Amino acid sequence: MLFSPVTIGNMELPNRIVRAACGERMADWEGRVGHKMLSYVETLARGGCGLIILGHGYVRRDGRLTDNETGLDRDDQVSRLELIARQAQRAGIKVAMQISHGGPQCRPSVIETTPVSPSGVEIKKTSVVPRALEPEEIEALVGDFARAAVRVKEAGFDAVQIHAAHGYLLTQFLSPATNLRDDEWGGTPEKRRRFLIAVLEAVQEEVGPDYPVLIKMNLDDCIPNGIPMKEALENARIVSEVGVAAIEVSGGMVDSDKGAARRDIQPGQQEAYFRHLARAARKVVGCPVILVGGLKSIEVITEVLESGDADLVALGRPLIREPHLPLEWLDGRQGPAECISCNRCALYKDRVLRCESLILEQQEEENA
Ligand SMILES: Cc1cc2nc3c(=O)[nH]c(=O)nc-3n(C[C@H](O)[C@H](O)[C@H](O)COP(=O)(O)O)c2cc1C
């Protein structure tokens, strides 16, 4: 089943393994990608996954997480992105680009201004106190997301993914823990989801009905007073009704315990830690559901797919370490991913995306 074809929107995928968006941190200061990203995408595309989703492309300059994040806020970034899309497609692989605004997780030292959020709720882990957005700024941001999606389409990507998970700006609006507004952008479930729906509709309007729009969203914030399951499922149902090609189910905010979205796990029992959320989502949405989070072994993945709890699976950290893992599984490899969930790949925020453990191991071998 893992290696059976599946359709997402108008995309025919050869198998059900998605490369989960992981910020590549390979762009220059102006957000333009270059040869590093080209060769990385080539490696990923040859590795056998069915769909590549590239991580965090910032829709506005104050939404970038690092100085080397991919930018989608200017037209002069598009020509380089075209090369990236073509690189994947040459290998016969579909490629999507994620559009995002980091909100209060952006560091003031990087964006050189105060990070923004719905209500100015402090991020405890970083002590950042963001600034609450004015209503007209929210309207303007809707347009920024839509223009970023147009750049993704113009560059020739097969799809765009809206990032509404992990405590970035869109999640901040969805969560009652971080959206304390009592105007038209908060105060009730309907108003909390208004920004996401406005972004989705604006994106759809600009890219047209046939272009696949995916969403990654939290069904559990993994914090006290986070989004109630009922509300999160209603959000999923509504975005599916508005018309997304697929929903990737995730969870966690920056202040959640144990990283939440990317937990330290071992193969076996702790794998697929958001499976219950995907199962619940699949009952209420009309589009394919992608499960992400701690998937490491082919047995668990196959069982998840066969049980019907998800239509596809997305792998983040395992493919950072072993981009060719899907191909090896297809060729009969039985063992789990070598990734040890140490999260060192996420620790060095400004460093190019890579498996730091693998580098350390290689250095130790050289020094031995
Ligand atoms: C280094 C790193 C960067 C990430 N960047 C992104 C990102 O840009 N967008 C996103 O939606 N998730 C991002 N994630 C989260 C992953 O997509 C995924 O949800 C999470 O790692 C759990 O899946 P895994 O256990 O397969 O790694 C990142 C994770 C890591 C480790």
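Residues numbered from 1 in each chain as written. Predicted model: local features only at pLDDT ≥ 70, side-chain atom pairs only at ≥ 80, totals over all residues. Heavy atoms only, no water.

Undergrad: What am I meant to see in the side chain of Glu231 here?
TA: Structurally, Glu231 can be placed in helix H8 (residues 229–242). Residue Glu231 is classed as buried on the basis of its relative accessible area, which comes to 8%. Not counting the four nearest positions on each side in its chain, Glu231 is found in contact with Leu174, Pro189 and Arg192. (Helix = DSSP H or I, 4+ residues; strand = E, 2+ residues; numbered from the N terminus. Buried < 20%, exposed > 50% of the residue type's maximum accessible area, 1.4 Å probe, protein only. Contact = heavy atoms within 4.5 Å.)

Undergrad: Looking at this structure, how should I read the environment of Ala177?
TA: With respect to the helices and strands, the residue Ala177 is situated in the loop between helix H5 (169–174) and helix H6 (189–192). Separated by 47 residues in the primary sequence, Ala177 and Pro224 place their C-alpha atoms 7.8 Å from one another.

Undergrad: Explanation requested: the pairing of strand S10 (residues 213–220) in the structure shown.
TA: Note on strand geometry: in a regular strand, side chains alternate between the two faces of the sheet. Here S10 lies mainly inside the structure; seven of its eight residues are buried. Sheet topology places strand S9 (residues 159–164) next to S10; five bridges connect them, and they run parallel. The partner of Ala164 across the bridge, within S10, is Met217. Relative to strand S11 (residues 246–251), S10 runs parallel, the two being bridged by six bridges. Of the residues in S11, the one forming a bridge with Asp220 is Gly251. Handedness of the crossover joining S10 and S11 through H8: right-handed. (Pairing = 2+ DSSP bridges. Right-handed = clockwise from strand over helix to strand, strands pointing away.)

Undergrad: Would you mind showing me how to read the environment of Arg131 here?
TA: Relative to the helices and strands, Arg131 is located in strand S8 (residues 131–132). In sequence terms Arg131 and Cys345 are 214 residues apart; their C-alpha atoms lie 29 Å from each other. Beyond its immediate chain neighbours, meaning those up to four positions away, Arg131 contacts Thr114, Pro115, Val116, Ser117 and Glu137.

Undergrad: Teacher, can you tell me more about the site of the ligand here?
TA: Around the ligand, a shell composed of 23 residues is seen, among which Ala21, His56, Gln98, Gly294 and Arg317 lie nearest. Between an oxygen atom of the ligand and a side-chain N or O atom of Lys216, the distance comes to 2.8 Å. Every element with two or more residues in the shell around the ligand is listed here: strand S4 (51–58), helix H11 (317–321) and helix H13 (344–347). (Near = heavy atom within 4 Å. Polar contact = N/O pair within 3.5 Å; in protein donor to acceptor, adjacent residues only side chain to side chain.)

Undergrad: Can you help me understand the packing of H8 against helix H9 (residues 275–284) in this one?
TA: To describe two helices that pack against each other, one gives the angle between their axes and the distance between the axes. Put simply, H8 and H9 touch, their axes get as near as 9 Å, and they point 50 degrees apart. One way to sum up the angle between H8 and H9 is to call them oblique. Crossing of H8 over H9 shows right-handed handedness. Seen from H8, the contacting residues are Met229, Leu233 and Arg237; seen from H9, they are Leu277, Ala280, Ala281 and Val284. Broken down by class, the residue content of the contact of H8 with H9 amounts to six nonpolar, no polar and one charged. (Axes fitted to C-alpha atoms, helices over the stretch in contact; angles between N-to-C directions. Parallel < 35°, antiparallel > 145°, perpendicular 65-115°, else oblique. Left-handed = near helix turned anticlockwise from the far one by under 90°. Nonpolar A, V, L, I, M, F, W, Y, C, P; charged D, E, K, R; others polar.)

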